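Architecture and fold: a report
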Amino acid sequence: AIAMDWLGQGRSWPEGDMAGRNFGVETWIAQLTAFVDQLDYSKVYVAGNSIGGLVAASVAARSDRVTGCALLNPTPFWSFWGVNGCPLWNGDLPGPSVFETFGGAWFDALRDETTVQSLLRQVYAS
């Protein structure tokens, strides 16, 4: 398995040379497509969780190199907005600092050991 870091997810908030780019589904589709194209494999499988499910499905539909696709907890949330992204922010970079602050706090809370343990207890029977 090979994993990549999504632009703007977790601690990889776009800055500097990202100015003028767009943060959203089409950017992530382009990022995953470029990532797949750089791999030294003629055929690959892609998997995506949450918004990654929408991105993985989109890349699988567009790329001849993708043999299969696994969707893990795919969300329709972003797909309702289409390629223009969130109605609160069009995704143009640099992004509003409030989104960076909220996103950082959100991902810090999600990766906190107590949160992870709580989620695992809800998913797996003891």
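One can find the structure itself at the top, above this paragraph.
So, a few notes on the structure that sits alongside this text. (Residues numbered from 1 in each chain as written. Predicted model: local features only at pLDDT ≥ 70, side-chain atom pairs only at ≥ 80, totals over all residues. Heavy atoms only, no water.)

Moving on: the overall build of the chain. When you go through the chain residue by residue, the secondary structure sums to four helices and two strands. N-terminal to C-terminal, the α/β element order of the chain is α-β-α-β-α-α. By residue count, 29% of the 126 residues in the chain fall in the buried class. In the chain, of all internal contacts separated by at least 6 residues, the share reaching a separation of at least 24 is 55%. Here the chain has roughly 8,500 Å² of accessible surface; of this, 57% comes from carbon and sulfur atoms. (Helix = DSSP H or I, 4+ residues; strand = E, 2+ residues; numbered from the N terminus. Buried < 20%, exposed > 50% of the residue type's maximum accessible area, 1.4 Å probe, protein only. Contact = heavy atoms within 4.5 Å. Areas by Shrake-Rupley, 256 points an atom, 1.4 Å probe, with all protein chains shown as cover.)

Across six bridges, the pairing between strand E1 (residues 44–49) and strand E2 (residues 66–72) is parallel. Bridging across to E2, Asn-49 finds its partner in Leu-72. In this fold, E1 hands off to helix H2 (residues 51–62), which returns the chain to E2; that crossover is right-handed. (Pairing = 2+ DSSP bridges. Right-handed = clockwise from strand over helix to strand, strands pointing away.)

Once that is clear, we can look at the packing of helix H1 (residues 25–38) against H2. Axis separation between H1 and H2 bottoms out at 9 Å; the angle between their running directions is 60°. By the angle between their axes, H1 is oblique relative to H2. For the crossing formed where H1 meets H2, the hand is right-handed. Contacts from Val-25, Glu-26, Trp-28, Ile-29, Leu-32 and Thr-33 of H1 reach H2 at Ile-51, Leu-54, Val-55, Ala-56, Ser-58, Val-59 and Arg-62. Split by residue class, the contact of H1 with H2 holds nine nonpolar, two polar and two charged. (Axes fitted to C-alpha atoms, helices over the stretch in contact; angles between N-to-C directions. Parallel < 35°, antiparallel > 145°, perpendicular 65-115°, else oblique. Left-handed = near helix turned anticlockwise from the far one by under 90°. Nonpolar A, V, L, I, M, F, W, Y, C, P; charged D, E, K, R; others polar.)

Everything listed is a geometric property; what it means functionally is a separate question.
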